[in-house]
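Spelled out from the first residue to the last, the chains are:
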Amino acid sequence: MKKFNIRKVLDGLKEVSSSAPSVQVGPQENHLVQETIQSEHFQLCKTVRHGFPYQPSSMAFDPVQKILAMGTQSGALRLFGRPGVECYCQHESGAAVIQLQFLINEGALVSALADDSVHLWNLRQKRPAILHSLKFSKERITFCHLPFQSKWLYIGTERGNIHIVNVESFTLSGYVIMWNKAIELSSKAHPGPVVHISDNPMDEGKLIIGFESGIVVLWDLKSKKADYRYTYDEAIHSVAWHHEGKQFICSHSDGTLTIWNVRGQGKPVQTITPHGKQPKDGKKPEPCKPILKVEYKTTRSGEPFIILSGGLSYDTVGRRPCLTIMHGKSTAVLEMDYPIVDFLTLCETPYPNDFQEPYAVVVLLEKDLVVIDLAQNGYPIFENPYPLTIHESPVTCCEYFADCPVDLIPALYSVGSRQKRQGFSKKEWPISGGNWGQSTQSYPEIIITGHADGTVKFWDASAIMLQVLYKLKTAKVFDRNRSKEDKGSMEVSDEDPFAIQIMAWCPESRMLCVAGVSANVLIYRFSKLEVTTEVVQLLEVRMQYELNDIESPDGAGGEQTSAHPTPGASPQTSGPPSHPSTSSNNSDGGNIPCLKVRSTPLKQSPGYQVDLVVQLVWVGGEPPQPITSLAMNSSYGLVVFGNSNGLAVVDYIQKTVVLNLGTVELYGSNDPYQRQPRSPRKTRQASGGLCDINEGSATSEDRCKSPTSGMLVRLKGSILRMAFLDSSGSLVPHAYEPWFEPNVTTDGEEREKVRKRRPVSVSPSTSQELNESLYAVVCSEKQAKVMSLPSQTCIYKHSITETSFILRVDVVMMSQGVCVACFCANGHIMTLSVPGLRPLMDINYLPLTDMRIARTFCFANLGQAMYLCSPTEVQRITYSQEICENLQEMLGELFTPVETPEAPNRGFFKGLFGGGAQSLDREELFGEVAAGKASRSLAQHIPGPGGIEGMKGAASGVVGELARARIALDERGQKLGELEDRTAAMMASADSFSKHAHDMMLKCKDKKWYQF
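Everything numeric in this text was worked out from a predicted model, so none of it was measured.

Reading the values: rules and limits
- Residues numbered from 1 in each chain as written.
- Predicted model: local features only at pLDDT ≥ 70, side-chain atom pairs only at ≥ 80, totals over all residues.
- Heavy atoms only, no water.
- Helix = DSSP H or I, 4+ residues; strand = E, 2+ residues; numbered from the N terminus.
- Buried < 20%, exposed > 50% of the residue type's maximum accessible area, 1.4 Å probe, protein only.
- Contact = heavy atoms within 4.5 Å.
- Salt bridge = Lys/Arg side-chain N within 4 Å of Asp/Glu carboxyl O.
- Pairing = 2+ DSSP bridges.
- Axes fitted to C-alpha atoms, helices over the stretch in contact; angles between N-to-C directions.
- Phe/Tyr/Trp six-rings, centres within 6.5 Å; stacked < 30°, edge-to-face > 60°.
- Arc of directions from axis to C-beta.
- Polar contact = N/O pair within 3.5 Å; in protein donor to acceptor, adjacent residues only side chain to side chain.
- Core = buried A, V, L, I, M, F, W, Y, C linked by side-chain atoms within 4.5 Å.
- pLDDT = per-residue confidence, 0-100.

Engineer: Is there a simple way to explain the overall build of the protein in this structure?
Structural biologist: The helix and strand inventory of the protein stands at 15 helices and 55 strands. Considering the protein as a whole, with its 1012 residues, one finds that 55% of them fall into the buried category. Here the contacts in the protein between residues at least 6 apart in sequence split such that 59% fall between residues at least 24 apart.

Below, the structure is given as structure tokens:
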């Protein structure tokens, strides 16, 4: 017995009621679809930022926690631990970060900014926060130094003075080293800004101060006077100590290094010009470029390492920036791809008075991060595990897919792992601090980026991490070497002719379709096997719109498609013969594609392999218009693309054009551009023909002429997105063919079985039961409409924005149902329910500062979204309340309790060098009792916005009482117990504090104000 369906009866009634076109069916239909999604399901927050920090300016490393910090010119702070542990913070002022200093193994970081402010960051919480800030008003900060296990930060200024800050309270000490006192009569002129400060590794009471002009002073903190002064006639860029504290090295603006004995007055013991040519007559070598930084690192078993950046001779024009490693008699010059911003030598010990034992050099370049292995011959680099190559070529478009088929990431990873370069260091990546968060998301996510050089990159974006899976180079399909004659026919996009403009991807069938700027569409299949393609299949399409065509109702708009006579694609024309005015002979300078497809065999590695190239050709001396829209369907084997001239449908299995229409024909008599009316027989048919194409590509002429019968929906602004919902309000799944290996040479029958097995979800217009209701959701730059099908009535309409316009809109699946998500040019992110178009969320998130955000913003299912926030970085955000709630658990931890290594044995040093390392009670010197208070007008203290988590972190972290006591005790050379106990005690004190506060609150809750 057939099941009785009340819904169909209702649909039938609805159709009767809506047959009169003037009746607008209003929201009374709402009871048919129960909308489960509510505004409380939405919340907007940033999740993670990936990629290389844009315009980096400084760097620091914690040798115990093994965490790397980078600052940028826009005040951003990026922290990196083990692969997958990274964090982004931002200084509110947006001023450049000029220097970073870790409080080693304390879970804290000091940043100095170009606006003369100093900040203390708490890293003991998942989202680091500023605990204190200090803003200098009368002097400009040029250099900072925080000795290991000290709470007193030295700050050098442009005027040549040094101020001292207590990092616990972030207050200034009254102890100041004035420039005139430091240099006294050794120089008549001002010595310039402070470019270096550091204490003698063997004597904390002695401070070396480097002034830009070339003067170095050894200052005795206790006696408040200079012990020695060292003068050189070249400007100083940096200074570094030998760990024994008896020698130091300076780098200068003329490309020289000078080594000085601490007690040796007057002249340096040695002057080296690493890249200078030595003249034979004993004269000074010719000057070189400045050595911007030098580091001097000792080893127990061999010669010390002197590592420097810059210093090349002036005649090396066009030479790339170099890092020079001098070790004993050998000098290695390592060329870098970009200018060097900073470098750091990673050493086995955090103690400056021990043999340093360097094992790696981290080099921060303008657009890359390189880590060099010092322990292996030839200094190989480590393979970088962070996703820092997003900008290898500029990103031109992005797509984001959440909840992909589970076998996709392993498949892409296995073909991508074969693309890796060889010759990396065998050792583990040295930046290994922190811990991963607990992932609550189980679904796979993939981000695809299209680039200016024609590459397409697939990234695994699951669980707030990012890892490159596979890279496809689409430019391989074309001939790179163009003859001079061809140059004339090139389009405007000459500098990036291969740039990717739009991508369409079917995750289930793994078919990929990309449209490039040179008016071409490339169709790729995924294969696990290597194949050599003798001839790349090519289809050339003429798309043009000519006004003279309107006069003739029979013309097909001059739309003639010729295909290249390559095997499997015989010359074809679609529709009726072309209009005489645009015959396909080449006399009009037409039929030339913008790029030449290669004629030689193409070896295609496992992964994405080109199946068909579709090229739009020049017509009548005019280049083809850029492709503006693209869609594909693997179940039908069709690709559809359009531009300002019209629309074309290509069957990529038969390699033929099924349909080619001018814009004029698409609109028929409803043309919005007020063109002359067309012949009525064009739009006579009742049901469209597009849906029947899957029955075979031999389409009748009539159908080709009139695919536009049916409804025309008009919205304000250009249409951005369309989707179909079933009668229950769920998205109609797109039809697809499951992936199969295309290169298996099975016999025809087997392949035919595979072909026949494909599921085809029925498109709305071929639905057998036409009274089964469907909804079409159509979104434009200004508004959204929901149409009921097949009655073709508009049941809901919503104006999304009046004053602005929408840049990106997607119809997405949330765990609670379907919604429309929009990103508006005024910075608002909005969601609407479907089919009712109720506003659910509207948040002013970020104003559109550049077109990059507009070009790369995309929404994915399950509340995920992303955009490129700079040329090198991806910002991911979520609009799901569920993810916002779980984000804290998902984020990695930067700080992990680690025991500080043992200090070097003092007796050993005493025996060997006499004297041993001298400690100093800095509290006694710099504290308020001895030094008095600092001038109030010098700097202003600003408490940080630590937040609730910050307070908890503070109680158990950096500035908790126990931590203060521990720093103070360490300063006096005493050692506390085990670190685990310490951390537990801190946590216990935080807990007891919160318990007492709670008890106090309960006690006071019921008291009136006068009872206190």
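Engineer: Would you mind going over the pattern of salt bridges with me for this structure?
Structural biologist: Side-chain pairs of opposite charge can arise where the charged atoms are in close proximity. Going through the model one piece at a time under the given rule, you end up with 29 salt bridges. Between R320 and D337 there is a salt bridge, with its nearest N and O atoms 2.8 Å apart. In this pair, R320 sits in the loop between β23 (305–310) and β24 (322–327) while D337 sits in the loop between β25 (330–335) and β26 (340–347), placing the two residues 17 residues apart along the sequence. For K655, the salt bridge is made with D611, and the minimal N-O distance between the two is 3.5 Å. Of this pair, K655 sits in the loop between β42 (646–651) and β43 (656–662) while D611 sits in strand β39 (residues 607–616), and the two are 44 residues apart along the sequence. Residue K655 shares its accessibility class with D611, and that shared class is buried. By sharing partners, the salt bridges in this structure join D203, K206, D220 and D227 into a single network.

Engineer: Looking at this model, I keep getting lost on the sheet that holds strand β19 (residues 247–252). Mind explaining?
Structural biologist: Pairing between the strands of a sheet is mediated by backbone hydrogen bonds and can be parallel or antiparallel. Ordered by their spatial adjacency, four strands build an open sheet running β18-β19-β20-β21, and the pairing between neighbours is antiparallel. The open sheet has two free edges, formed respectively by β18 (236–241) and β21 (270–272), since each of these has just one partner strand. Geometrically, the sheet is characterised by an average inter-axis angle of 20° between neighbouring strands, direction not taken into account. Looking at chain direction, β19 and strand β20 (residues 257–261) are connected through five bridges and run antiparallel.

Engineer: I tried to follow unusual backbone geometry on my own but got confused; where do I start?
Structural biologist: Generally, phi is negative for residues other than glycine and the peptide bonds are trans, each holding for most cases. The omega angle of the peptide bond from L789 to P790 is 5°, so this bond is cis rather than trans. Tracing the chain through its elements places P790 in the loop between β46 (783–789) and β47 (793–799). With an omega of 0°, the peptide bond between V834 and P835 qualifies as cis. We note that R510 has phi near 65°; this positive angle belongs to a residue other than glycine. Residue position: R510 is located in the loop between β33 (500–506) and β34 (511–516). Residue R510 is classed as buried on the basis of its relative accessible area, which comes to 4%.

Engineer: What is the right way to look at the packing of aromatic side chains in this model?
Structural biologist: All chains considered together, the criterion is met by 27 aromatic pairs. On the basis of an interplanar angle of 10° and a centroid distance of 6.5 Å, the ring pair of F248 and W260 is categorised as stacked. Taken together, the residues span a long stretch of sequence, with F248 in strand β19 and W260 in strand β20 at a distance of 12 residues. Of the two residues, F248 and W260, neither departs from the other in class, the shared state being buried.

Engineer: What exactly am I supposed to notice about the sheet that holds strand β15 (residues 203–211) here?
Structural biologist: The sheet built from four strands is open, its strands ordered β14-β15-β16-β17 with antiparallel pairing. With partners counted over all chains shown, the strands left at the sheet margins are β14 (194–200) and β17 (225–231), one partner each. Each strand axis lies, on average, 20° off the axis of its neighbour in the sheet, ignoring direction. With six bridges joining them, strand β16 (residues 215–220) and β17 adopt antiparallel strand pairing. Bridge pairing in β17 links W219 to A226.

Engineer: Quick question: what am I supposed to make of the environment of K329 here?
Structural biologist: Within the secondary structure layout, K329 lies in the loop between β24 and β25. Classification of K329 as exposed rests on a relative accessible area of 88%. Along the chain, K329 and E303 lie 26 residues apart, while their C-alpha atoms are 8.9 Å from each other.

Engineer: What should I look at first to understand the environment of P279 in this one?
Structural biologist: Tracing the backbone shows P279 in the loop between β21 and β22 (291–297). P279 sits in the partly exposed class, given a relative accessible area of 32%. Apart from residues lying up to four places away in sequence, P279 is in contact with K284 and P285.

Engineer: For this particular structure, what's the right way to read helix α3 (residues 408–416)?
Structural biologist: Along an α-helix, residues three or four apart share an orientation, since each turn contains 3.6 residues. Among all positions in α3, only L408, I409, A411, L412, V415 and G416 are buried. An end-on view of α3 places all buried positions within 165° of arc, on one side of the element. Buried residues along α3 sit against β30 (445–451), β31 (455–460), β32 (467–473), β33, β35 (520–527) and β39.

Engineer: I'm lost on helix α9 (residues 881–890) in this one. Help?
Structural biologist: Residues of α9 that are buried: I883, C884, L887 and M890. The buried residues of α9 all sit within an arc of 115° when viewed along its axis, so they share a single face. Elements in contact with the buried residues of α9: β1 (42–51), β53 (864–870) and β54 (873–880). For α9, the capping residue at the N-terminal end is S880, with a side-chain oxygen 3.2 Å from the backbone nitrogen of E882.

Engineer: Whenever I open this one, the pairing of β42 confuses me. Can you help?
Structural biologist: Across the six residues of β42, five count as buried, placing the element largely inside the fold. When strand β41 (residues 638–643) meets β42, the two strands line up antiparallel, connected through six bridges. Residue pairing across strands places L638 opposite D651, the latter belonging to β42. In this antiparallel pair of consecutive strands, β41 and β42, the connection spans two residues. Note that β42 and β43 share six bridges and pair antiparallel. Bridged to G646 within β43 is G662. As consecutive antiparallel partners, β42 and β43 are separated by four residues, and within that stretch K655 has a phi angle of approximately 60°, a positive value.

Engineer: What exactly am I supposed to notice about the nonpolar core here?
Structural biologist: Nonpolar side chains in soluble globular proteins tend to end up buried together. Of all hydrophobic cores here, the largest spans 35 residues; its most connected members are F458 and Y608. Examining the composition of this core, we find that five residues originate from one element, α3, more than from any other. Ignoring any residue separated from it by four or fewer positions in sequence, one finds Y608 in contact with L412, F458, Y470, L472, W505, R510, L512, Y524, R525 and F526.

Engineer: Looking at this structure, how should I read the confidence of the model for the protein?
Structural biologist: Low pLDDT means the predicted atomic positions in that stretch should not be read closely. Here the protein averages 81 in pLDDT, while 75% of its residues score no lower than 70. Segment residues 674–708: pLDDT under 50, and 51 contacts once partners within four positions in sequence are set aside and those in other chains are kept.

Engineer: Explanation requested: the environment of L512 in the structure shown.
Structural biologist: Of note, L512 is situated in strand β34. Distance from L512 to Y608, taken between C-alpha atoms, is 8.0 Å for residues 96 residues apart in sequence. For L512, the residues in contact, after removing those within four places along its chain, are F458, L472, A504, W505, L522, I523, Y524, Y608 and M632.

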